[in-house]
Amino acid sequence: MASSDDFKEFYRVSYGRTLATVAALVGNRHEAEDIAQEAYARALARWSWLHRFDLPDAWVRKVAVRLAVDSSRRRRARLAATLRLAAVRQPQAPQPDDDLRYTPLGAALLELPMRERQVVVLHYLADLPVDAIARECGLPAGTVKTRLAAGRRHLAERLAQYPEAVS
Amino acid sequence: MNDVDLREQFHDWSAPLRAVAAPDFAGIRRRATRRTVRLAVMAGGAVAAVAIAASVAGSVLAGTAVRPGRVADAASPWTLGRYPAPRQAPYVFINSSASGPAIIGNAATRIARRLVTVGTRGIFAAVAATSNDRLFVLAQQSTGDRTTFAAARITPSGSVVLRRILPGISLSGSQIYGMTVNPAGTRLVLNTWPDGRAGSGALLVYDLPGGTLLDSWPENHTGTVNFQYWPTANQLALYWQDSGSQAYSGLRILNTAEHSDGSSLAAATRPGPDLRGYHSGEFTADGSVALAAVQSGRAEVVREFSARSGKLLRTIPIGTAQAQQDSPDFCGVLWASPDGHDLLTQCGSSQQEVVNGKITDVKLAWTFLAPEAPIATFGW
């Protein structure tokens, strides 16, 4: 039977990895923490069967990535609404401590379309091979490879604007 | 910049985040509880609304309730109410987690009544509902492998009476992999398998509510029986995945009126219609149509087959394969009318009503989680 202690240990060990993956997708640490914790809350509610999986962190990552992608879509919708109201709003000051986009890689990542960002993050940060990304995203492996190649090319172009980030 | 460089940059960039200590576990528990509460449609409001539930449910069953927000014509198969719900079967059993509270809800009004909570020491193992919408059978398994059964009967007034049944059944050391009740609510069928897959399983037929074992078929062939239903009073349909020779894979029919006389389940069944790609689903109550939820390319579809000939009758798109793959939510047919003409379906967050082939997106009273054996999540 699944125990609360098992979950606590799983949570303690895997939280940082999940947080990093989500943060790379959404570019904001506070939002990433909220999403990661929501994913773990969902895992806790299903822990009695989830603990039987060989890799329950894969389930958590899948849920977290899905939440991050949804969050990104909602943010785009909010941004569109904000732009319509731009004439009557003051621009918000950037908050570097909170916002991961103020690093070369973070900034470059956030300029990628989400479909490319997702596969790039899963490949280079979560260390998933192409076939695993295909399974996790429900995409053909060829599509993953195409997006990965495009994402890598776009990332290199953007990172080239930050000489210190390119070795 | 090559792959190794890029991977190193990601590693360096994410190092501070990967080192972040997990926040206090109590916060996660509170979130999980809140989520469970949201999903389960909480009993607090439901308890307060029990009196209303009884009166509204009764009037809904009688077809007299009129609620704003949804207009149905006289020919509509759906109850007039805030949410689409079949006239014939407004009640649905739901549990949102293995150890959370189980409820029976009125799907038209979203009014729910809490039934029972097994707590942290047990799980809901299975649920079966009769097609007359008056009886739900629940199996609960404790950590000590003890399985108990309860019957939730819905009275004509709409109230729910919960009673322990089948006191004589002991399933120590076994898991329930399938459970079904015949349309009259007089027979209960269990598909059991020993924990750890050592030994052989069995298909067991009991009478209700007494709990006398009427017959049993040992299941010693390789593979698993995933699906059971009673298309007619005595016939049981089994979807068999034969992991050995494949000889028995597919839909098979067992006539439970013929005694087993010690024969195995494999030997006692005969092949049913050839429904290729059929990995989950059900027969309609009149036994004429088989409904199969399958993946077709990037889409999830429901295929309706003639149960007699296996002929494909129609295909209904219900969602995308990707939405299903990322989701713990159910994908398939939630409810079907006796002849299969009217359906309620869900795939991920997408829910639809289908009336004679016309598909309309709807928002049902609940989002249904996918059952994860041996944990039941809904019965309709």
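Residues numbered from 1 in each chain as written. Chains lettered and ligands numbered in written order. Predicted model: local features only at pLDDT ≥ 70, side-chain atom pairs only at ≥ 80, totals over all residues.

Here the focus is the overall build of chain B. Scanning chain B from N- to C-terminus turns up six helices and 24 strands. Within chain B, buried positions represent 46% of all 380 residues. (Helix = DSSP H or I, 4+ residues; strand = E, 2+ residues; numbered from the N terminus. Buried ≥ 20, exposed ≤ 12 C-beta atoms within 10 Å, placed from the backbone.)

This brings us to the overall build of chain A. Along the backbone of chain A there are eight helices and zero strands. Across chain A, helices and strands are ordered from the amino to the carboxyl terminus as α-α-α-α-α-α-α-α. Scored against the burial criterion, the 167 residues of chain A give a buried share of 42%.

Now for the nonpolar core. Grouped together as the largest cluster of nonpolar side chains are 82 residues, with contacts concentrated most on B:Phe93, B:Val127, B:Val137 and B:Leu138. The biggest single contributor to this core is strand 4 (residues 122–129) of chain B, with six residues. Counting residues in hydrophobic clusters, the runner-up holds 53 residues, among them A:Val60, A:Val144, A:Leu155 and A:Leu159. (Core = buried A, V, L, I, M, F, W, Y, C linked by C-beta atoms within 7 Å.)

Next up on the list: the packing of helix 6 (residues 114–125) of chain A against helix 8 (residues 141–159) of chain A. All names here are of chain A. As a packed pair, helix 6 and helix 8 sit with axes 8 Å apart at the nearest point and diverge in direction by 90°. Relative to helix 8, the element helix 6 is oriented roughly perpendicular. Residues Arg-115, Glu-116, Arg-117, Val-119, Val-120 and His-123 of helix 6 pack against Val-144, Arg-147, Leu-148, Ala-150, Gly-151, Arg-152, His-154 and Leu-155 of helix 8. Residue composition of the contact of helix 6 with helix 8, grouped by class: six nonpolar, three polar and five charged. (Axes fitted to C-alpha atoms, helices over the stretch in contact; angles between N-to-C directions. Parallel < 35°, antiparallel > 145°, perpendicular 65-115°, else oblique. Contact = placed C-beta atoms within 7 Å. Nonpolar A, V, L, I, M, F, W, Y, C, P; charged D, E, K, R; others polar.)

All names here are of chain B. Looking at chain B, pLDDT values average 74 and 73% of them are 70 or higher. Here residues 38–72 is a poorly scored stretch, pLDDT under 50, and it has 64 contacts once near neighbours within four places are set aside; other chains count. Model confidence for the complex is summarised by a pTM of 0.55, with the ipTM given as 0.83. (pLDDT = per-residue confidence, 0-100.)

Residues and elements named next belong to chain A. Running from N to C, helix 7 (residues 130–137) and helix 8 point in directions that differ by 110°, and their axes come no closer than 8 Å. Accordingly, the angle class assigned to the pair helix 7 and helix 8 is roughly perpendicular. Contacts from Val-130, Asp-131, Ile-133, Ala-134 and Cys-137 of helix 7 reach helix 8 at Ala-141, Val-144, Lys-145 and Leu-148. In terms of residue class, the contact of helix 7 with helix 8 is built from seven nonpolar, no polar and two charged.

Turning to the confidence of the model for chain A, a few remarks are in order. Residue and element names in this part refer to chain A. Averaged over all residues, the pLDDT of chain A equals 77, while 74% of them reach at least 70. The spread of mean pLDDT over the elements of chain A runs between helix 4 (residues 56–84), the lowest at 69, and helix 6, the highest at 93. Between residues 78–98, whose pLDDT stays under 50, and residues either more than four places distant or in other chains, the model counts six contacts.

Most of helix 6 of chain A sits inside the fold, with ten of its twelve residues counted as buried. Two residues or fewer past helix 6 of chain A, A:Asp127 is found with a positive phi of approximately 60°.

On to the sheet that holds strand 23 (residues 358–361) of chain B, then. Residues and elements named next belong to chain B. Reading across the sheet, the four strands line up as 20-21-22-23 and stay open at both edges, with antiparallel pairing between neighbours. This sheet does not close on itself; its edge strands, each paired only once, are strand 20 (331–336) and strand 23. Sheet twist, expressed as the average angle between the axes of neighbouring strands with direction ignored, equals 25°. Bridge analysis of strand 22 (residues 350–355) against strand 23 gives four bridges, and the strand direction is antiparallel. (Pairing = 2+ DSSP bridges.)

The next subject is the pairing of strand 7 (residues 160–165) of chain B. Residues and elements named next belong to chain B. Of all six residues in strand 7, zero are buried, a share of ten percent or less. Inspection of the sheet shows strand 6 (residues 147–154) paired to strand 7 by six bridges, in the antiparallel sense. Bridge pairing links Phe-149 to Ile-165 in strand 7.

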